[in-house]
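A structural walkthrough
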Amino acid sequence: MEIKQFDDGKKGKFYIEIEGSQEAEMTYTYAGKEKIIIDHTEVSEKLKGQGVGYKLVEAAVDFMRANNIKAIPLCPFAAAVFKKKHDAYKDVLS
């Protein structure tokens, strides 16, 4: 399952497509050049229960680490993941 990324410098998303249909996404908006606001995570019924939401957050964390960006997780799901994995992700929290 490949996680793809779209980023236009203002907004972006990490997402999964299956047979041309987007089945999961985590969207974000830039808050300046060094912060992103994670504002939404959604996983289709087809992929629920497979840890896909966690994989999207992990992809975002990898991206933030590589680009020296911090996160403001406003999405309830992302906020819960950041809280649960606080020690592992504290370096990217704003």
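Okay, so let's go over this structure. (Residues numbered from 1 in each chain as written. Predicted model: local features only at pLDDT ≥ 70, side-chain atom pairs only at ≥ 80, totals over all residues. Heavy atoms only, no water.)

**Describing the sheet that holds strand β1 (residues 4-7)**
Strand order in the open sheet made by the five strands is β1-β2-β3-β4-β5, with mixed pairing throughout. Each end of this open sheet is capped by a strand with a single partner; those strands are β1 and β5 (70-73). Adjacent strand axes in the sheet meet at a mean angle of 30 degrees when their direction is disregarded. Pairing between strand β2 (residues 11-18) and strand β3 (residues 21-30): eight bridges, direction antiparallel. Counted as the bridge partner of Lys 13 is Thr 27 from β3. Those strands touched by helix α1 (residues 52-67) are β1, β2, β3, β4 (35-43) and β5, and its axis lies near 40 degrees from that of β3. (Pairing = 2+ DSSP bridges. Helix = DSSP H or I, 4+ residues; strand = E, 2+ residues; numbered from the N terminus. Axes fitted to C-alpha atoms, helices over the stretch in contact; angles between N-to-C directions. Contact = heavy atoms within 4.5 Å.)

**Observations concerning helix α2 (residues 76-84)**
Residues of α2 that are buried: Ala 78, Val 81 and Phe 82. All buried residues of α2 fall inside an arc of 100 degrees around its axis, so they share one side. Exposed residues lying more than 90 degrees from the buried face of α2 are Pro 76, Lys 83 and Lys 84. Looking at the buried residues of α2, the elements they touch are β4, α1, β5 and α3 (86-89). (Buried < 20%, exposed > 50% of the residue type's maximum accessible area, 1.4 Å probe, protein only. Arc of directions from axis to C-beta.)

**Side note on the nonpolar core**
Counting residues in hydrophobic clusters, the biggest one holds 26 residues, and the most contacted among them are Phe 14, Ile 38, Val 57, Met 64 and Phe 82. Looking at this core, the elements that each hand over two or more residues are β2, β3, β4, α1 and α2. Apart from the residues within four sequence positions on either side, Met 64 is in contact with Ile 36, Ile 69, Lys 70, Ala 71, Phe 82 and Val 92. (Core = buried A, V, L, I, M, F, W, Y, C linked by side-chain atoms within 4.5 Å.)

**Structural notes on the pattern of salt bridges**
Taken as a whole, this structure holds three salt bridges when the rule is applied. The closest approach of N and O atoms between Glu 23 and Lys 46, which form a salt bridge, is 3.5 Å. Note that Glu 23 is positioned in strand β3 and Lys 46 in the loop between β4 and α1, a separation of 23 residues in sequence. When its relative accessible area of 11% is taken as the criterion, Glu 23 is described as buried. Between Arg 65 and Asp 91 there is a salt bridge, with the nearest N and O atoms lying 2.9 Å from each other. With Arg 65 in helix α1 and Asp 91 in the segment after α3, this pair connects stretches of sequence that are 26 residues apart. Classification of Asp 91 as partly exposed rests on a relative accessible area of 37%. (Salt bridge = Lys/Arg side-chain N within 4 Å of Asp/Glu carboxyl O.)

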